[in-house]
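# Secondary and tertiary structure notes
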Protein chains: 2
Amino acid sequence: MIKRAGLILLSITVSIAFTSCSSTKRSANNGTLAIQEQGSFAAGGTVITAPGTFDPIKHGAFNPANQASEGQTLHGDHAYVFYQVPQNARKLPLVFWHGYGQSAKTWETTPDGREGFQNIFLRRRFPVYLVDQPRRGRAARGTKPVTIDAAPDEQLWFGIFRMGIGTEFYPGVQFSKDPEALNQFYRHMVPNTGPFDLAVSTNAVSALFDKTGPGILVTHSHSGGQGWVAAIKNRNIKAVVSYEPGSGFVFPKGEVPDSVPYVGGVLKATGIPLDEFSQLTKIPIIIYYGDYIPNQPAENPGQEQWRAAVAMAKRWRDIVNKHGGDVTLIRLPEVGLKGNTHFPMSDLNNVEVADLVSGWLKEKGLDK
Amino acid sequence: MIKRAGLILLSITVSIAFTSCSSTKRSANNGTLAIQEQGSFAAGGTVITAPGTFDPIKHGAFNPANQASEGQTLHGDHAYVFYQVPQNARKLPLVFWHGYGQSAKTWETTPDGREGFQNIFLRRRFPVYLVDQPRRGRAARGTKPVTIDAAPDEQLWFGIFRMGIGTEFYPGVQFSKDPEALNQFYRHMVPNTGPFDLAVSTNAVSALFDKTGPGILVTHSHSGGQGWVAAIKNRNIKAVVSYEPGSGFVFPKGEVPDSVPYVGGVLKATGIPLDEFSQLTKIPIIIYYGDYIPNQPAENPGQEQWRAAVAMAKRWRDIVNKHGGDVTLIRLPEVGLKGNTHFPMSDLNNVEVADLVSGWLKEKGLDK
């Protein structure tokens, strides 16, 4: 664990976060969105109750230093969902689930101020649901305590998110060099407000699909592995689009492949009962990976973990398909999209990235 | 401080959070929203940098147990903002700022599934900006560490939010008795993800108004007092609508009134230089309080702190107006709206509550 006492943190005020309106104004010329309905709600979750009896007269004043939980409840571990249904909507909604350290902001305005997948797919007439997973963002209220250390870590993520190495962008990367874009990008991050719990997350997303009815789950990174588990839990998940799943690949027990070692760690596969696994063979699934992922071991951990992920994803595709499934794995550079980071949905070429999904949804009859 | 080890927490799974779609479907028949532009961004914030040099090869792998912050940055303490501009928009946007323990969810779909102020005022052709203040919700990334204790506290808030006492609703309260409404209401809450800091909050909101240009600030509860400070900082705040400000009333030095004691605490006024205070005399301000606030001392702390707030707010109104200001204070029951909780913007009569604001904005020429 990092020792905070040993750090001298330099505080620098960013005097003008938005030096002009240009970055958001760019998104203004895409025409009016006709929204039939929009709103937000909590999905799933649990309730904990402290034993005893609450006395509203004795303990009804707010006093953080002397609080009495006796007899009180806490509702937590739900997902927060904001949804919009466009006019003349297609039948199946797209349910977008963010990755590690992120919220639904991932799918909104891009760091350089263009439209994200939220608007792009509303314009393509899909109902759009944006999820903050339990213990994150507007679903921050969890049932377990946590300490947030606020330790500087952004150059680590710059590498893992494959923007570049250290502070240097990769040549040809699909990310704006306007410093305000990187400022906005870093401010997309949000801490965990409780311990990560696979069951908590997937229960909440399953509860969401109980509400939406049949729909298409779109995952990113850490939600990739969670997405397989959610799709096993809820038959309303009729397809999965997975951007850069990093871990959590589930295989039938007895067919679990070897782990994949990489610089900085080991990627392990998980075994689950065949009857659970079989659900994943019944829905179309597509997986996308961006650029800068080597095929051979390299020295940079920020690339290495994705080399391992692609290797494991290929094995996963093959075994799901061997059992009768329909998994496609696309590496964007191999279909002509170069320079993509770990966030293809907000990269400079995100319209082309969206076009690929639209084509696949049409091919699978999921865009009626 | 509560000792968690002494608590036996009972975990109850909420198996079906939404038993039917009826609660959100109710909001579907209000007609299509024509949205000219929508998006989200971070406003303001700071950057901290840990001393040293980051080595992307040596420290570029994700390892929470052995992280090295050396040479890395953290962007935090910004606000998160989601905005929508309707077709044929009025000139001045409404910027909505939530209260304690809440996020911008406050202004979205109500706990019982009706449209909140977000949609209501979009339909009335105002550009709508919804803020998550720094260290809250999707702006959770702060520059200071914090521990979240996840202690059950909802019956406390049931009282302070003037829903009722303990678990009993007040007679005639403008809140749905559908248990799902209370479930959703509690799930609006989000913890602080950093220590509260008035300067951090008001700097971020001021940075937002640098971006929006002239606009109207709408505050609730804890953001009430912060809102006065923000309005002093930024001349783009052309008016303030304040729902149930609870504390943080600022007076000219030398004219600070006595504190107001109440069951459970003491409400103190703050002195600031007259030239700062004077800014508050230059913009129209309206304050609203709901029902169940006694005029005389009572035994219930959940009501008592609002008795003190109203008493202090009246003094504040009088002194701002004495200095040439334009402050109106409305107690909703006195103008015919009965049964309002601490959340008039989402109570069952929230359309009537919105009508009052619309009338005031028209009267002040703020709805051109």
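Residues numbered from 1 in each chain as written. Chains lettered and ligands numbered in written order. Predicted model: local features only at pLDDT ≥ 70, side-chain atom pairs only at ≥ 80, totals over all residues. Heavy atoms only, no water.

With an unreviewed UniProt entry as reference, chain A is termed Alpha/beta hydrolase, source organism Flavihumibacter solisilvae.

This paragraph deals with the confidence of the model for chain A. In this model, chain A carries a mean pLDDT of 92, and residues with pLDDT of at least 70 account for 92%. pLDDT under 50 marks residues 1-29 of chain A. Its contacts with residues more than four places away, or in other chains, come to 64 contacts. (pLDDT = per-residue confidence, 0-100. Contact = heavy atoms within 4.5 Å.)

Time to look at the nonpolar core. Counting 186 residues, the largest nonpolar core has Trp316 of chain A together with Trp316 of chain B as its most contacted members. Apart from residues lying up to four places away in sequence, tryptophan 316 of chain B is in contact with Trp228, Phe249, Val250, Phe251, Phe277, Leu280, Ile285, Ile287 and Val327 of chain B. Among the nonpolar cores identified, the runner-up in size contains six residues, and Tyr80, Phe82 and Ala139 of chain A together with Phe82 of chain B belong to it. (Core = buried A, V, L, I, M, F, W, Y, C linked by side-chain atoms within 4.5 Å. Buried < 20%, exposed > 50% of the residue type's maximum accessible area, 1.4 Å probe, protein only.)

This part takes up unusual backbone geometry. If you check the backbone angles, arginine 135 of chain A has positive phi at about 70° while not being a glycine. In this structure, arginine 135 of chain A sits in the loop between β7 (128-132) and β8 (146-148). Not every positive phi belongs to a glycine, and serine 221 of chain B is a case in point at roughly 60°. By the element assignment, serine 221 of chain B lies in the loop between β11 (215-220) and α6 (222-233). What makes serine 221 of chain B buried here is its relative accessible area of 9%. (Helix = DSSP H or I, 4+ residues; strand = E, 2+ residues; numbered from the N terminus.)

Buried accessible area, meaning the area lost when the parts come together, often serves as the stated size of an interface. The partner chain B presents 110 residues to the 109 residues of chain A that form the contact. Between chain A and chain B lies a buried interface of about 9700 Å² when both sides are counted; carbon and sulfur atoms form 53% of it. Our enumeration of links across chain A and chain B arrives at eight salt bridges. Here arginine 141 of chain A and glutamate 154 of chain B are joined by a salt bridge, their closest N and O atoms 3.6 Å apart. For the interface between chain A and chain B, the tally reads 53 residue pairs in polar contact (both at pLDDT 80 or more). (Buried area = accessible area lost by both parts, 1.4 Å probe. Salt bridge = Lys/Arg side-chain N within 4 Å of Asp/Glu carboxyl O. Polar contact = N/O pair within 3.5 Å; in protein donor to acceptor, adjacent residues only side chain to side chain.)

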